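What follows is the residue order along each chain.
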Amino acid sequence: GDWGFIWPGSNKLKELSDMLVGLGVTLRFIDGNHDDHPTLKKLRGRVRVRGVEIAKNVIYQPRGSVYQDEDGTRFLFLGGAPSIDQASRVEGQSWWPEETITQSDLELALSAKGPIHVLVTHDAPTFPPDFTPKGTPSYQRDQLRSMKYVDKLIRYHRPPLHVHGHW
């Protein structure tokens, strides 16, 4: 998440794609809170359960999508998180309401058929228990809800590995 290669005005995607092709590497990414969500929605179209190649060797993994590697490792993806700095950003230019994980995003991720070996999220879980979100009361509420969604996924799918960004 917070990938930035498709921000309005960015032309880095082709350069990245060419580099990945040259290296023989495929990159899979999820959305974060600081990503251009309307553009991602257009790129994925109606696809919700598998990755979308947006450039050669560059694959966007929508929320709730699952990818199975050649060795059978199954990855479940859930992007999104609230922005603590929302007030300092401009809606539709540097902040998008679609940044947060929704109940339907969570339900789609919970419906993934198992086993799930690796959970990839943008947001973190609520543990360790000493973590307390800072910011406005509304941000704290949104942040805790988002983190509890990640908790539910971990408890439900019990992946041996959870990887996240955001924090």
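In this report, we go over the structure that sits alongside the text. (Residues numbered from 1 in each chain as written. Predicted model: local features only at pLDDT ≥ 70, side-chain atom pairs only at ≥ 80, totals over all residues. Heavy atoms only, no water.)

1. Description of the side chain of D151
Tracing the backbone through its elements, the reader meets D151 in helix α4 (residues 137-157). It is R155 that comes nearest to the buried, bridge-free D151 among opposite-charge side chains, at 4.0 Å. Those residues in contact with D151, other than ones at most four positions away along the chain, are P125, T126 and F127. (Helix = DSSP H or I, 4+ residues; strand = E, 2+ residues; numbered from the N terminus. Buried < 20%, exposed > 50% of the residue type's maximum accessible area, 1.4 Å probe, protein only. Lys, Arg positive; Asp, Glu negative; His and termini not counted. Salt bridge = Lys/Arg side-chain N within 4 Å of Asp/Glu carboxyl O. Contact = heavy atoms within 4.5 Å.)

2. Here's the deal with the pairing of strand β2 (residues 52-55)
Relative to strand β3 (residues 58-60), β2 runs antiparallel, the two being bridged by 3 bridges. Each bridged residue has a counterpart across the sheet, and for V52 the counterpart in β3 is Y60. The hairpin turn running from β2 into β3, its antiparallel successor, is 2 residues long, and N57 in that turn takes a positive phi close to 70 degrees. (Pairing = 2+ DSSP bridges.)

3. Things to note about the sheet that holds β3
Taken together, the 3 strands give an open sheet; going across it, the order is β1-β3-β2, and neighbouring strands pair in mixed fashion. Only two strands of the sheet have a single neighbouring strand rather than two, namely β1 (27-29) and β2. Strand-to-strand, the axes of this sheet are offset by a mean angle of 35 degrees, without reference to chain direction. The pairing of β1 with β3 spans 3 bridges and is classified as parallel. Among the inter-strand pairings, L27 is bridged to a residue of β3, identified as V58. (Axes fitted to C-alpha atoms, helices over the stretch in contact; angles between N-to-C directions.)

4. Digging into unusual backbone geometry
Of note, the amide linkage connecting G114 to P115 takes the cis form, showing an omega dihedral of -5 degrees. Along the chain, P115 falls in the loop between α3 (103-110) and β6 (118-121). Phi is positive for N57, close to 70 degrees, though the residue is something other than glycine. Within the secondary structure, N57 is located in the loop between β2 and β3. Exposure remark for N57: the relative accessible area of 12% places this residue in the buried category. At R158, a position not held by glycine, the phi torsion is positive, near 50 degrees. In this structure, R158 sits in the loop between α4 and β7 (161-164). Accessibility expressed as a relative area gives 64% for R158, which makes it exposed.

5. Focus: the packing of aromatic side chains
Here the structure, examined in full by the defined rule, presents 3 aromatic pairs. The interplanar angle of 35 degrees and the centroid separation of 5.3 Å between the aromatic rings of F29 and Y60 together place this pair among those described as tilted. Placement of the pair is F29 in strand β1 and Y60 in strand β3, with a sequence separation of 31 residues. In this pair, the class of F29 matches that of Y60, namely buried. Geometrically, the ring pair formed by Y67 and F75 is tilted, given 6.1 Å between the ring centres and 35 degrees between the ring planes. Grouped by ring-pair contacts, the aromatic residues Y67, F75 and F77 constitute a single cluster. (Phe/Tyr/Trp six-rings, centres within 6.5 Å; stacked < 30°, edge-to-face > 60°.)

6. Points about the sheet that holds β7
Reading across from one edge, β4-β5-β6-β7 is the order of the 4 strands in this open sheet, with mixed pairing throughout. Only two strands of the sheet have a single neighbouring strand rather than two, namely β4 (66-68) and β7. This sheet shows a mean twist of 20 degrees between the axes of neighbouring strands, independent of strand direction. Taken together, the 4 bridges between strand β5 (residues 74-78) and β6 define a ladder with parallel strand orientation. The residue bridging L76 from the neighbouring strand is L119, located in β6.

7. With respect to the pattern of salt bridges
Taken as a whole, this structure holds 6 salt bridges when the rule is applied. Two residues, D142 and R141, come together in a salt bridge whose shortest N-O distance is 3.4 Å. The network of salt bridges with shared partners includes D31, R63 and D105.

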